[in-house]
Amino acid sequence: MNHLISLNDLSCDEINELIDLAIKLKKDNKEGKTHHYLKGQSLGMIFSKSSTRTRVSFEVGMYQLGGQALFLSSNDIQLGRGEPISDTAQVLSRFLDGIMIRTFKHSDVVELAEKGSIPIINGLTDDEHPCQVLADLQTIYEHKGTLKGLKLAYIGDGNNMAHSLLHGCSKVGMDVAVASPDGYTCGEKFVNEAKAAAEISGSKVIMTSDPIEAIKDADVVYTDTWASMGQEAEKEIRAKIFAPYQVNKELFAHAKKDAMFLHCLPAYRGYEVTEDVIDGPNSYIFDEAENRLHAQKAVLVKLMAK
Ligand code: CP
Ligand code: NVA
């Protein structure tokens, strides 16, 4: 593992190893044990989009591992004024030990990794959000004691979250069902990648426009905003199209009784999810958010520890 760009690049064993390491780092952290595995190392964090969780968890994670993190808003560095990714990658590789990048085009992250000589971590693109799904899988594992054989239902936009959940679940042997309205379903490439992984892990990939079919007997129910960063202008039209896909008490009742509700956050109550679900007893959203820190520390150690 040289980079974390897509969960599709990881094997089932690699994902499970990261989860195990994340759980160990979490336990040690709670017991006050420090591990300065990245002493003296620097992580650059390039942001072309907003962030609360990703920014804070990477920054705190680097500090806890004995290193430092530099926040690089793309508006403030020359990348935002048109300096090529290739030059940026080669220059930053001379200063830094790793880069986390949150941006629009997935191909920019791939190019950064190709042209640079240090580990690159995808902190969200329009296509994928692998760090989030590692934290999600950790959270499911902690509460269910297993991943293999469970069913996750994703209800809503076929976006970056849906793509990374397709990858992550199919790799670890979870059934994954995605329900989206016509025209807003996942990219074919991601569905095909998930189907190929599911064949190896022995799980199922179900793509449907029927939210009840997707959520039926699910162990985990997941949703995300209907209008991702960059789609703000479509918010109102999307709210109408996605209305039948709202995760409310009625829809949630079709999942298993002990189903977990997850959401990458930020959440928009009254749109993709209702308060009674996201703030109800089956919701694990804050454990999930916390695990961003632990899962990403595992990624940082795996990629950067000498
Ligand atoms: N879930 C997530 O990535 O949150 P932020 O946008 O706050 O980083
Ligand atoms: N799909 C959302 C995820 C935010 C963490 C977005 O891209 O804005």
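Residues numbered from 1 in each chain as written. Chains lettered and ligands numbered in written order. Predicted model: local features only at pLDDT ≥ 70, side-chain atom pairs only at ≥ 80, totals over all residues. Heavy atoms only, no water.

To describe a pair of aromatic rings, one takes the distance between the centres and the angle between the planes. This model, assessed by the stated rule, comprises six aromatic pairs. Ring-pair connections join several aromatic residues into one group, and the members of that group are Y184, W226, F242, Y245 and Y271. In this structure, K49 packs its charged tip against the face of F104, placed 4.6 Å from the ring centre. Just above the ring of F71 sits the side chain of R55; from NZ or CZ to the centre is 3.5 Å. (Phe/Tyr/Trp six-rings, centres within 6.5 Å; stacked < 30°, edge-to-face > 60°. Lys NZ or Arg CZ within 6 Å of the ring centre and 35° of its normal.)

So, on to the sheet that holds strand β3 (residues 98-102). The strand order β2-β1-β3-β4 describes an open sheet built from four strands, whose pairing is parallel. Strand pairing shows two members of the sheet lacking a second neighbour, β2 (68-73) and β4 (120-122), which therefore form its edges. Each strand of the sheet is rotated relative to its neighbour by a mean of 20°, with strand direction disregarded. One ladder, built from five bridges, connects strand β1 (residues 42-47) with β3; its direction is parallel. Within β3, the residue paired with F47 across the bridge is R102. (Pairing = 2+ DSSP bridges. Helix = DSSP H or I, 4+ residues; strand = E, 2+ residues; numbered from the N terminus. Axes fitted to C-alpha atoms, helices over the stretch in contact; angles between N-to-C directions.)

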